[in-house]
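An overview of the molecular structure
Chain by chain, the residues run as shown.
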Amino acid sequence: MTNPQIDYAAMAAQWRTERETTLKATRAELIAQLRALGISEVTAEYEGYGDSGNVEDVTVQPAEVELPEALVTTVGDFAWSLAYHHHPGFENNEGGYGTLTWDIAADSISLDHADRYVECSYSYDEGL
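- As named in an unreviewed UniProt entry, the protein chain is DUF6878 domain-containing protein, taken from Thioclava nitratireducens.

1. What about the overall build of the protein chain?
- The helix and strand inventory of the protein chain stands at two helices and four strands.
- Compactness check: the protein chain gives a C-alpha radius of gyration of 20 Å against a globular reference of 14 Å for 128 residues, more than 25% above the reference.
- In terms of principal-axis extent, the alpha carbons of the protein chain reach across some 70 × 50 × 25 Å.
- Classification of the 128 residues of the protein chain by burial places 26% in the buried group.
- As displayed, the protein chain offers around 8800 Å² of accessible surface, 50% of which is attributable to carbon and sulfur atoms.
- Here the protein chain holds 6 positive side-chain charges and 23 negative ones, and the gap between their average locations is 11 Å.

Here is what the cut-offs are and how they apply
- Residues numbered from 1 in each chain as written.
- Predicted model: local features only at pLDDT ≥ 70, side-chain atom pairs only at ≥ 80, totals over all residues.
- Heavy atoms only, no water.
- Helix = DSSP H or I, 4+ residues; strand = E, 2+ residues; numbered from the N terminus.
- Rg over C-alpha atoms; globule rule 2.2 N^0.38 Å.
- Buried < 20%, exposed > 50% of the residue type's maximum accessible area, 1.4 Å probe, protein only.
- Areas by Shrake-Rupley, 256 points an atom, 1.4 Å probe, with all protein chains shown as cover.
- Lys, Arg positive; Asp, Glu negative; His and termini not counted.
- Charge placed at Lys NZ, Arg CZ, Asp CG, Glu CD.

Below, the structure written as structure tokens:
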């Protein structure tokens, strides 16, 4: 039985391209909905650790506009997906967190992200 070579780099590139296509389509749908509601800015706080995570909070400007719950969920999913696209695996181990800020008028997104890690300093001395 032959074992075909698996090109993991090609698979990863294909997945990345598919994610980018999905993110662009979702972004276009969301921006139309948000502009129709008069939203000028969206902020989403996210956090992940221990192999899981979620979007903690989604807020909009002007603050008096209340997003429908389904749209809050969709915006949160988009924020998580975009953060994951740029920082894959950030939810693993000690995790990471950040804030996505989307200027709706300019269609410009800023991602302020931090990864947590554990640092160790080890030494071994014998026969001192």
